[in-house]
Amino acid sequence: MKSTLENFAFVMILSLFPIYASGQSTADMVDVVEPYARASLPGISISVAFMALKNNSGERRTLVAAESPVADTVEIHNHVMSNGMMKMRKVAGIDLNADDTRLLRPGGFHVMLIGLKQILKHGESFPLELIYRDGSRDRVKVPVVDMNRSERFE
Amino acid sequence: MKNNRFIFIGIIAVVALSVGILASLLANRQVDKRQGITSIGGDFTLQSSHGPVTLSKELRGKVVPLYFGFASCPDVCPTSLNILATALRQLSEEEQRQTQPVFVSVDPERDDIEKLNLYADTFYPGMLGLTADLETIKEVAWRYRAIYKKVPLEDSAMGYTIDHSSIIYVIGRDGVIQSLAQHGTTPAEVTAKIKAALSNT
Ligand SMILES: [Cu+2]
């Protein structure tokens, strides 16, 4: 664990490089790959964010929470298909073993944005903070994508 | 505590039984090329922002791809509706004119018809967003074997969610279901099913 000041300096230096601005996470050795959120739908105050989490830290990490200024509450959810029904549930966390890559994808794990404070528009982006069990945080920039324009069917 | 367990086991039994019945219905259904799947489905009247919509009246003569879901469903419903919309855009203009996609909300408590109209239209211009009172929805869903269950999420700011089956029903011009596209389907598969229904009568 780095001290807050060290973390701050680290982030400040890295923010000078475009890789950070493009949504690549650098702190804490968990790469957040290709994060995106769905543009909000009219009258609907929730949305969802997807990404791949690549654990390069060499040790087990657990994503337990998330925060964002665009939503009242951010939760980590999963979907399971059982008895012919898709069931969405809040989960306590997503375990990332050393060198694991976990996919947060439609129909499975996702970051749930509840009580949106603003409309999420295609082409814009917003900050999202991923919080791990050890208290460390990753701040990522999440681009907003309109499903009509690009949906990845997987 | 013990009571709760019995109730829990009871619920499991009922769900297992329903799934069994559903599975056998789907397995044994007689798919007559002209008749379609007659063992499930049927006529319905639901509410839209422009008034009531009856399958055998306003929608007669059109192929109706229909999906049961709810608007605050963050992932599964938008994914399915987007697959449907993508499938519809693969059709010719004439084919699109003869097709009327419908989204039915099983969550009338959260989804009023004005909101549903806007919601459905976002995915595909002209897609209808329909709902009704809880009793009517329950009855229609039962006939279509669309299963759903309101589940409180005590640990979540969502309050509650609705577990639900995720199936696109392709209803023929005569109101009879022609085919089903199960959860995980692709736009190409849905396009093919709509085209088949369009060319059938
Ligand atoms: Cu969710």
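Residues numbered from 1 in each chain as written. Chains lettered and ligands numbered in written order. Predicted model: local features only at pLDDT ≥ 70, side-chain atom pairs only at ≥ 80, totals over all residues. Heavy atoms only, no water.

1. A look at the overall build of chain B
Each helix and strand in chain B was counted, giving six helices and nine strands. Counting contacts in chain B only where the partners sit at least 6 residues apart, residues at least 24 apart contribute 67% of the total. Entry remark: accessible area of chain B is about 9,400 Å², with carbon and sulfur atoms responsible for 58%. (Helix = DSSP H or I, 4+ residues; strand = E, 2+ residues; numbered from the N terminus. Contact = heavy atoms within 4.5 Å. Areas by Shrake-Rupley, 256 points an atom, 1.4 Å probe, with all protein chains shown as cover.)

2. Observations concerning the coordination of the copper ion
Residues and elements named next belong to chain A. Taken together, His77 (ND1), Met88 (SD), His110 (NE2) and Met112 (SD) make up the full set of protein donors to the copper ion, lying 2.1 to 2.4 Å away. If you look at the copper ion, its four donor atoms make angles of 102 to 119 degrees with each other, and the shape they trace is tetrahedral. Mapped onto the sequence, the donors of the copper ion take the spacing H-x10-M-x21-H-x1-M. In terms of burial, histidine 110 and methionine 112 fall into one category: buried. (Donors = N, O, S within 2.8 Å, 3.2 Å for Na, K, Ca; no water. Tetrahedral: all angles 85-135°; square planar, octahedral: opposite > 155°, others 65-115°. Buried < 20%, exposed > 50% of the residue type's maximum accessible area, 1.4 Å probe, protein only.)

3. Focus on the nonpolar core
With 66 residues, the main nonpolar core has Phe44(B), Leu66(B), Phe68(B), Tyr119(B), Tyr144(B), Tyr169(B) and Ile194(B) as its most contacted residues. Top contributing element to this core by residue count: helix H2 (residues 76-89) of chain B, with eight residues. Excluding anything up to four places from it in sequence, Tyr144(B) contacts Ile40(B), Gly41(B), Gly42(B), Phe44(B), Leu55(B), Phe68(B), Tyr169(B), Ile171(B) and Ile177(B). Core analysis: the next-biggest nonpolar cluster, separate from the first, contains 28 residues, Ala49(A), Met51(A), Ile76(A) and Phe126(A) among them. (Core = buried A, V, L, I, M, F, W, Y, C linked by side-chain atoms within 4.5 Å.)

4. Remarks on the environment of Ala66(A)
Residue and element names in this part refer to chain A. Turning to its location among the elements, alanine 66 is positioned in strand S3 (residues 61-67). Expressed as a C-alpha distance, the spacing of alanine 66 and serine 136, which sit 70 residues apart in the sequence, is 11 Å. For alanine 66, the residues in contact, after removing those within four places along its chain, are Val74, Ile76, Val111, Leu128, Glu129, Leu130 and Ile131.

5. Topic: the confidence of the model for chain B
Counting all residues, the mean pLDDT for chain B is 89, and 83% of those residues have values of 70 or more. Two summary scores accompany this predicted model of the complex, namely pTM at 0.80 and ipTM at 0.76. (pLDDT = per-residue confidence, 0-100.)

6. Quick word on the interface of chain B and chain A
Each partner contributes to the interface: chain B provides 36 residues, whereas chain A provides 32 residues. With both sides pooled, the region where chain B packs onto chain A buries about 2,700 Å², and carbon together with sulfur makes up 66% of that total. Contact with chain A buries surface across chain B, with Pro74(B), Asp75(B) and Asp163(B) losing the most and accounting together for 20% of the total. Our enumeration of links across chain B and chain A arrives at two salt bridges. Across the pair Asp163(B) and Arg89(A) runs a salt bridge, and its minimum N-O distance is 2.8 Å. Where chain B packs against chain A, one counts ten residue pairs in polar contact (both at pLDDT 80 or more). Every element with two or more residues in the side of chain B that touches chain A is listed here: helix H1 (2-28), H2, helix H4 (113-123), strand S6 (148-153) and strand S7 (159-164) of chain B. (Buried area = accessible area lost by both parts, 1.4 Å probe. Salt bridge = Lys/Arg side-chain N within 4 Å of Asp/Glu carboxyl O. Polar contact = N/O pair within 3.5 Å; in protein donor to acceptor, adjacent residues only side chain to side chain.)

7. A few points about helix H5 (residues 134-143) of chain B
Residues and elements named next belong to chain B. All of the buried residues along H5 are Ile137, Val140 and Ala141. Here the buried residues of H5 occupy an arc of 100 degrees about the axis, which is enough to place them on one side. Set apart from the buried face of H5 by more than 90 degrees, the exposed residues are Glu135, Lys138 and Trp142. Elements in contact with the buried residues of H5: strand S1 (45-48), strand S3 (64-69), strand S4 (102-105) and S6. (Arc of directions from axis to C-beta.)

8. Re the sheet that holds S3(B)
Residue and element names in this part refer to chain B. Taking strand neighbours across the sheet as the criterion, the five strands line up as S5-S4-S3-S8-S9 in an open arrangement whose pairing is mixed. At either end of the open sheet lies a strand with only one pairing partner, and these are strand S5 (128-130) and strand S9 (177-181). Along the sheet, successive strands turn relative to each other by an average axial angle of 25 degrees, direction set aside. Note: S4 against S5, three bridges, orientation parallel. Pairing of valine 102 across the sheet is with leucine 128, part of S5. Sheet strands touched by H4: S4 and S5. Its angle to S5, the strand with the most contacts, is close to 145 degrees. (Pairing = 2+ DSSP bridges. Axes fitted to C-alpha atoms, helices over the stretch in contact; angles between N-to-C directions.)

9. Examining the pattern of salt bridges
In the structure shown here, the tally under the stated rule is twelve salt bridges over all chains. Salt-bridge contacts for Glu129(A) lead to Arg137(A); the nearest nitrogen and oxygen are separated by 2.6 Å. Residue class for Arg137(A) comes out partly exposed when judged on its relative accessible area of 36%. With a shortest N-O distance of 3.2 Å, Glu95(B) and Lys195(B) are connected by a salt bridge. Here Lys195(B) lies in helix H6 (residues 187-199) and Glu95(B) lies in helix H3 (residues 93-97), a separation of 100 residues in the sequence.

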